[in-house]
Structures are given as C-alpha cells and as structure tokens.
Amino acid sequence: MRIVCIGGGPAGLYFGLLMKKLDPNHRVTVVERNRPYDTFGWGVVFSDATMDNMREWDRETADAIEVAFNHWDDIELSFKGRTIRSGGHGFVGIGRKKLLNILQHRCEQLGVELVFETESGGDDDYPDADLVIASDGINSKVRNKYAEVFEPDIVTRPNRYIWLGTTLLVDAFTFLFEKTEHGWFQAHVYKFDDQTTTFIVETPESVWQAEGLDQATSDESIAFCERLFAAHLKGHRLLSNARHLDPLKRGAAWLNFARVRCKHWHHFNGRSHVVLMGDAVHTAHFAIGSGTKLALEDAIELTRLFRDQPGAAIGDVLEQYQAAREVDVLRLQNAAWNAMEWFEVVGTRYCDQLPPDQFMYSMLTRSQRISHENLRLRDASWLEGYERWFAAQASVPAAADARPPSPMFTPFTLRGVTFANRVVVSPMAMYSADDGVPNDFHLVHFGARALGGAALLFTEMTCPSADARISEGCAGLWNDAQRDAWKRIVDFVHERSGAKMGLQLGHAGRKGATRRPWEEGGDEAPIAKPWPLLSPSAIAYAPQLPLPREMTRADMQRITADFVAAARRGAEAGFDILELHCAHGYLLSCFLSPLANRRTDAYGGSIENRARYPLEVFAALRAVWPADRPISVRLSCHDWHPGGNTADDAVAIARLFKAAGADLIDCSSGQVVADQQPVYGRMWQTPFADRIRNEVGIPTMAVGAIFEADHVNMIIAAGRADLCAVARPHLADPAWTLHEAARIGQEELVWPEQYRRSRLQYETNLRRARA
C-alpha cells in the first residue's frame, strides 16, 4: 500500500513504523510541519499496560522508551498542610520530545519516509495514496474538511490550564492544591526525565479571571504560578517551551481542554481511504493522562487488522477498526470525563468540604475506574488506614490488629435515629395492597429484607388518600386499618432485626389511576373507571392517560391535610423516618418541574414559586412528625428533557428544603415526562447526590444502578453520599447486604440466629470460587 500519515505525532509515527515493519513493501510517508527532532510540550504519561502492548508489537521501540522513561507507582497529594501518598498505580512518564525522537529514529531505521517543515494541505495533496492517516491533532484540517462525514462532537471545557515544566524532580505523580482569595488552583506534577518535570496548573475560568490572568502575559502567568506554588518548588523555576505562542498576548498561555468525539472515523474521497487517528478523532483529558495511550493503541489496532486480514478491502478493515476501537475509547473517554469534571468542580465541591484523608480517597477514585476493592489490590496498607480513619469518624473503634469495617458497614445518624450501616432498601412499588391495606405479602417482603442485613427499609410510595394512588393495588395510610397493618410490619422488623423502617408518602397526581405493571397495557394504561386526577396544570402525562384538572387552592389545602393525617398515622405505626416523595412526575414533582407546571399564580414560574406548595406540605409534615425522627425528601434531580429541571435546579430546590428543615435528600431523577431521554450507566444518579451533599451541605442518599458492595463503599468513602439505596438487587436477593458482606470478607456483620449455620458454608463457597 501507499500510506501517508499527515501529522508526525505518536499516532502517525507509530502507525507508520508498524506498517513498514509488517510489510517492507509498503511505501509509508509521515508528513510533519515542524522541524526534524523538534517538538513542543513537556512530558506525556501512559500506563504499564500500554508498554506491555508496545513490547508485543515492536520491541526495539519499547526497549528504547524503557531506557528513557521514568516509572513510578505512587500518587502523592499535598493539601491543607498534609502530604498523603498511595502506591501501586503504575505510570510511565517520558518527555514528549524524547518519545517522538525515538519514534522518528525507528521510522528511519525501517525505511519510513519522514517529511518535515511541510504544512500539508490535506488528503488532496496525496492523490496516489491508498490510505491517508489523518493524525494531524486536535485541530485536524482533514477532520474539519470532511466534518459532514465525520460528524465531530467537540466540547470546550471551562477550566483554564497552563502547561509548564520545572527542574524540580519528584518521585511520584504529585497533585498540589493551593487557595488564593479568589479560589483554588491545582497542579498536576510528574517527572519525565532525569532533569525535568511536567507542571500543569489548572483553575476554573472565574478564578482565572478574578486573579487577572486573562490579562497576563506568558511571563506574568509563570511568575504568578511560581509565587503560588513557591513552597513546593523550593527555589526551582517554572519553564515554558511554547515558542509557538505570542509571549506578549494577554491570557494566551492559558488553554481550555476540548473533548473530541467523532461519529464516523473514516471516509473514501474517491481516490484514497482517509481515516482519523489519535487526537484528530478523540481526546482524553490530562487528568488521567491517556491521550498518548489512545494514539498508540489506535495505531496498534489498525495494524493488527491489516495483519490478520491480508488482501481484505481497505474500507472493510477501516470499518472494523472503528468498531473495535470506539468501545475502548469511549470507556476511557468516560473515565477521563469523570476525572476532568472532578478537577473542574474540586474548588467549589470538595476542597473546602472534605478533610485531607477523604479528599485523597475522592481524588484516587475520581475516574470511577479505580474502585474500593481495586484500591485494596493497589495499596492495601493505605486503604486499610483510610478505612480505620473513616470508621473513627463514625465513632466505631477498630482494634489495631483487626480489620476495620468497610465504609458501607459504618453507622450513620440523623436526628435521634442511628442506622446500623449505609445500605437502604429503596422504595419500590409492589402494587399488592388490598384497598390500600398492606397484607401478608408485605410482611414477608419487608421481613425477608430486614433479616437480610440492610439498615433501612422504605415502604413503597404510600398514599394519603384513595385518589392519590398510582394503581388500585397501591398501599395507603388514610385510615386506621391501614395504620394497624403497617404497625404489624414495623413491629416485626424492629423485633426481629436491627433495621429501621421508613415511610415514603406521596401523591400520584396525573400519573394515577393506572393498571398494575403486569396487567394488560401495563402501568401507562388507565384502569377501566379512573378516578378524577389532579395536577398543578391540566397537562396529561401521556396521550392515553386522562387529562388532570388544574388544582385549586382548596385542593391544595385538602391534600395537605391528607398528608398530615397520614404522617400522624405513620408516627403511630412506629416508622423511624418519613420521606416526602417529590420525584418521578408524581404530584409534588409536577409542581417542581416547569414541564408539568405552567401556572401563572404564586405556585408557578420561578423555582421558588414552583417549590412553594411542596414546601408547604413539608412544613405541615415537619410540624406533626416527632422532632427526634428525621424527614427526607426524594427529588428528581434531572428531568432529562429540554426545558426541564437540571442538576443546577436540583441544587436550588435542595437548598430550599434544607432551609425548611429536611434532614436528607434522596437523589433520583427523571420519570417526569414520558418522552424523557436519560443517560443510564453504573451509579448513574450518584453525581446528583454528590453535588447536593457537598455544595448544599446536607446529607444525601444515592440511588440508581448501585448493585455491588464496591459501589456502595466507593460512594460512601468518597463522601459522595451518606446512604445508598439499592433497589432491584434486593428484589432478586433479600439477603443482598449479608451476601455482599461475605463476598468482600466483612465478617463482623451479624446474621440472624436461625441462619447462622449456613454462613460458614456460604463464605467457604465464596473463597473456593475466588481461588
């Protein structure tokens, strides 16, 4: 093949040399605009796994890099006067210039033609090429030329950063945090040769502007950073080699990261096949240092496909290349995105809120690629020390010679109620009550899960009136018979386990009078004779459902009184905590959402107005609910629909409920409109709990695709939430909490006396399976 690589970065050079090595008859040219053996930037980072991959494909290149690279295992944090270090992380650092020099030299050895100081005009400059590799970087001319084909999605992020170097030598990947009167700055610091260290300084745009750095020259910016990090630099200077930037242009030294993602990676221009590679097709934030890794692995994968399919059509190979790479790339980009967002909000969300030990844990797990148990594999000593510290914060003594409890198995107190651990059985509708009365099914359902180890069990949404139900099978608390049936269940849970019982009260609003999920038509089909529905505005949830009537002030007063009466009955039944359901498109949720609330009176319009009625209900409940028992509020923290509430609105609403006396925010999302478009994933709603907890300053409960102990431990240990509601796993396994404790070797959790004979066998089988 005739191959031309436009751009002499890691992707183009490495692909060129691999293809030339694969078949010396390939005619390969790499075109680079800079001078030979010249480059800009400082060090780059990639993982041990990438080095292993490179050894497999070209040992000569890998050996040359290995001689030149700096390897370290440790991550070190300097924060609030503390220095904390964790090991076992495995990074490789090398100067970008040195890396490119090695790749250039290897290309020359293999016979790759290197053309320097040439500004390529794009693929049209090479009409004889069979394959054009557009490895021309983040501002790719080729990608821009064929934008309608490649469909790039480019998002410019808000933080500002300046990429510098220093002669200060460090022996760990080091993170430094310093605060000025305007906010926090962080530095990402790592050594890449025996004389030089990369030193990236980052801060939010607002802080950057407040410090006047938008008006600073390059030299003035460097001087500012030297003053700010003087205690860490120990007399060493900060250096710039960005010779391509105008040193006198104000603010030009500070950059914004751009996340690049493309829908299509290749194109046939009528003569040549053109394919994007490296930063031209995808970028990953430097917070996890994987841009170079992605570029090198792009080159390896495309070479692999050509090797394994000799004679295959180029277009078919490129199609397979995208299919093979985009899953891995997306996974790593998502991790990089999580890490990037952590650094974007660290100053407002974590720096002032978290103590140094917890801040370190939060930083180590920021990408969500490193979990709690993965940290144990990397550095068991550090994690055990952190677990001991965390247990002490929860007033749990841990003997020096005993393993401390995992964070998920530490107690948590709200008002006068202490929960034995952080696991909650989430409210889940069972649709199995008889005229609102819970029955033997509910007794067995809650009893089994109470014996299964969870600290708190919430009822399904329990309705304060018959016309507040979702379906005819929903439980209620509008009469004393229902109260007494609930008391039977609460008493069993209290007498037979250490679990607490939570009562969730809610009104279905416009989503009422529907069938049970397993009945014909499902829960979005109306019952044969629906009762009249109410909502803040006369807008149906779905076309097939009845149109609700817009509520009057008299309706509001009547429903508030129903809530109050139900809360009184709940207190009499012995419930330990009350939750007001303001989520999922039910009545109070509709008041909060602009998608369902179009009122023009004092109960519509602004967030404060939309929250007025839910807050009136909350105040009425707080007035009658026992003072020593907490009240939580479940919110839909995102409507997942244009024009609806977002996380910003959820923060504002949570502040209002905190001011009203709420003790906990249960952070769910969606289900407000039928045509929502949520973004699902592992622990997908936890960011809402994290943000509200740390920005509003109120305890939170995380919920949503939390399905193993590792998730709970990571969420609780990082301070992202205080409780974790686990829903469907508890339906499949009533003893989920006990079983997860056994799986992670947490032997202190007490099993019910009647079941203890099975414990040894269960734990033994787990150990055998692990072995």
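For every chain, the first residue of its written sequence is number 1, and the numbers climb from 1 along that sequence. In keeping with the predicted nature of the model, local features appear solely for residues at pLDDT of at least 70, side-chain atom pairs appear and are counted solely at 80 or more, and the whole-chain, interface and lining totals rest on all residues. Note that water and hydrogens are dropped before the side-chain values are worked out from all heavy atoms of the structure.

**Q** What exactly am I supposed to notice about the side chain of Glu-32 here?
**A** Among the secondary structure elements, Glu-32 is positioned in the loop between β2 (27–31) and β3 (43–47). The rule is simple: take the accessible area with a 1.4 Å probe, protein chains only, and divide by the maximum for that residue type; under 20% is buried, over 50% is exposed, in between is partly exposed. The sign given to each residue is positive for Lys and Arg and negative for Asp and Glu; His and the chain ends receive no count. Here, a salt bridge means any Lys or Arg side-chain nitrogen found within 4 Å of an Asp or Glu carboxyl oxygen. One buried charged side chain, Glu-32, makes no salt bridge at all; its nearest oppositely charged neighbour is Arg-33, positioned 4.9 Å away. A 3.5 Å cut-off defines polar contacts: any pair of N or O atoms within that distance qualifies, except that in protein one atom must be a possible hydrogen donor and the other a possible acceptor, and neighbouring residues in sequence count only when both atoms are side-chain atoms. At a separation of 2.7 Å, a polar atom in the side chain of Glu-32 contacts the main-chain amide nitrogen of Gly-8. Any two residues whose heavy atoms approach within 4.5 Å are treated as being in contact. Apart from residues lying up to four places away in sequence, Glu-32 is in contact with Gly-7, Gly-8, Gly-9, Val-115, Phe-116, Glu-117 and Thr-118. Labels follow the DSSP assignment, with helices taken as runs of H or I lasting at least four residues and strands as runs of E lasting at least two, numbered in each case from the N terminus.

**Q** So what exactly am I meant to see when it comes to the packing of aromatic side chains here?
**A** Each aromatic ring pair is described using two quantities: the centre-to-centre distance and the angle formed by the ring planes. Put simply, two rings from Phe, Tyr or Trp (the six-membered ring, in Trp's case) pair if the centres are within 6.5 Å, and we call them stacked under 30 degrees between planes, edge-to-face over 60, tilted for the rest. Evaluated as defined, the whole model comprises 36 aromatic pairs. Between Trp-382 and Tyr-386, the ring centres sit 5.6 Å apart and the planes meet at 0 degrees, which makes this aromatic pair stacked. Residue Trp-382 and its partner Tyr-386 are located together in helix α14 (residues 380–393), separated by four residues, close to a single helical turn. Trp-382 sits in the buried class, given a relative accessible area of 13%. Over the aromatic face of Tyr-541 sits the side chain of Lys-511, whose NZ or CZ is 4.5 Å from the ring centroid. Throughout this description, the term charge over a ring refers to an Arg CZ or Lys NZ atom that lies within 6 Å of the ring centre and within 35 degrees of the ring normal. A cation over an aromatic ring shows up here: Lys-511 above the ring of Tyr-586, its NZ or CZ 4.9 Å from the ring centre.

**Q** Help me understand empty space enclosed by the protein in this model?
**A** With a probe scaled to a water molecule rolled over the atoms, the places where space remains empty come into view. A pocket, in this scheme, is an open set of points on a 1 Å grid over the protein atoms alone with protein on both sides within 12 Å along at least 5 of 7 lines, while a cavity is a set where a 1.4 Å probe fits but cannot get out; residues line either one if an atom lies within 4 Å of a point. Grid points are joined across faces, edges and corners, and a volume is the space filled by probe spheres set on the points. By the definition in use, this model includes five cavities of 30 Å³ or more. Each pocket or cavity is described by its volume, and for the largest cavity that value is around 50 Å³. As for the largest cavity, its lining consists of Cys-582, Ser-589, Leu-592, Ser-593, Leu-635, Ser-636, Asp-639, Asn-645, Ile-653 and Val-672. Those elements that place two or more of their residues in the lining of the largest cavity are α18 (587–592) and β26 (631–636).

**Q** Honestly, the sheet that holds strand β8 (residues 113–115) in this entry has me stumped. Any pointers?
**A** Adjacent strands of a sheet form backbone hydrogen bonds with each other and so pair up, either parallel or antiparallel. Taken in spatial order, the six strands line up as β8-β2-β1-β9-β17-β16 in an open sheet, and their pairing is mixed. In the strand order of this sheet, the two ends are held by β8 and β16 (266–268), each with one partner. Direction aside, neighbouring strands of the sheet carry axes that sit 15 degrees apart on average. Paired strands, in this sense, are two strands between which DSSP finds at least two bridges. Bridging between β2 and β8 involves three bridges; their strand directions are parallel. What sits directly across from Val-30, in β8, is Leu-114. With respect to the sheet, helix α11 (residues 314–349) is in contact with β9 (131–134), β16 and β17 (273–276), its orientation differing from that of β17 by roughly 15 degrees. Lines are fitted to the C-alpha atoms to define the axes, a helix being fitted only along its stretch in contact, and any angle between axes, read from their N-to-C directions, falls within 0 to 180 degrees.

**Q** Would you explain the environment of Phe-492 in this entry?
**A** Residue placement: Phe-492 occurs in helix α16 (residues 480–496). For Phe-492, a relative accessible area of 28% translates into the label partly exposed. A sequence separation of 42 residues divides Phe-492 from Ala-450, and the C-alpha atoms of the two residues are 9.1 Å apart. If we skip the residues at most four places from it in the chain, Phe-492 touches Leu-443, Gly-447 and Ser-497.

**Q** Would you mind going over the pairing of strand β7 (residues 91–95) with me for this structure?
**A** A regular strand places its side chains on the two faces of the sheet in alternate fashion. Where burial is concerned, most of β7 is hidden: five out of the five residues are buried. Here β7 shows a buried face lined by Phe-91, Gly-93 and Gly-95 and a second buried face lined by Val-92 and Ile-94. As paired elements, β3 and β7 share five bridges and run antiparallel to each other. Across the sheet, residue Gly-43 finds its bridge partner in β7, namely Gly-95. Two strands pair when backbone bridges link them, and strand β4 (residues 70–72) and β7 are joined in this way by three bridges, in the antiparallel orientation. Within β7, the residue paired with His-71 across the bridge is Val-92.

**Q** I tried to follow the pairing of strand β12 (residues 183–191) on my own but got confused; where do I start?
**A** With eight of its nine residues buried, β12 lies for the most part within the structure. Strand direction decides the pairing type here: β12 and strand β13 (residues 197–203), joined by six bridges, are antiparallel. Across the sheet, the residue bridging to Ala-187 is Val-201, located in β13. Counted along the chain from β12 to the antiparallel partner β13, the turn is five residues long.

**Q** Help me understand unusual backbone geometry, please; the structure alone is not making it clear to me.
**A** Despite not being glycine, Glu-117 has its phi angle at roughly 50 degrees, a positive value. When you line up the elements, Glu-117 lands in the loop between β8 and β9. Phi is positive for Asp-435, close to 50 degrees, though the residue is something other than glycine. Relative to the helices and strands, Asp-435 is located in the loop between β20 (423–425) and α15 (440–451).

**Q** Would you explain the packing of helix α25 (residues 736–743) against helix α26 (residues 756–770) in this entry?
**A** One way to put it is that α25 packs onto α26 with a least axis distance of 9 Å and a crossing angle of 50 degrees. Relative to α26, the element α25 lies oblique. As for how α25 packs across α26, the hand of that crossing is right-handed. Packed against α25, whose contacting residues are His-739, Ala-742 and Arg-743, the element α26 presents Tyr-762, Glu-763, Leu-766 and Arg-770 at the interface. In these notes the angle categories are as follows: under 35 degrees is roughly parallel, over 145 is roughly antiparallel, 65 to 115 is roughly perpendicular, and the rest is oblique. Each crossing is labelled by how the near helix is turned from the far one, with a counterclockwise turn of less than a right angle marking it left-handed and a clockwise turn marking it right-handed.

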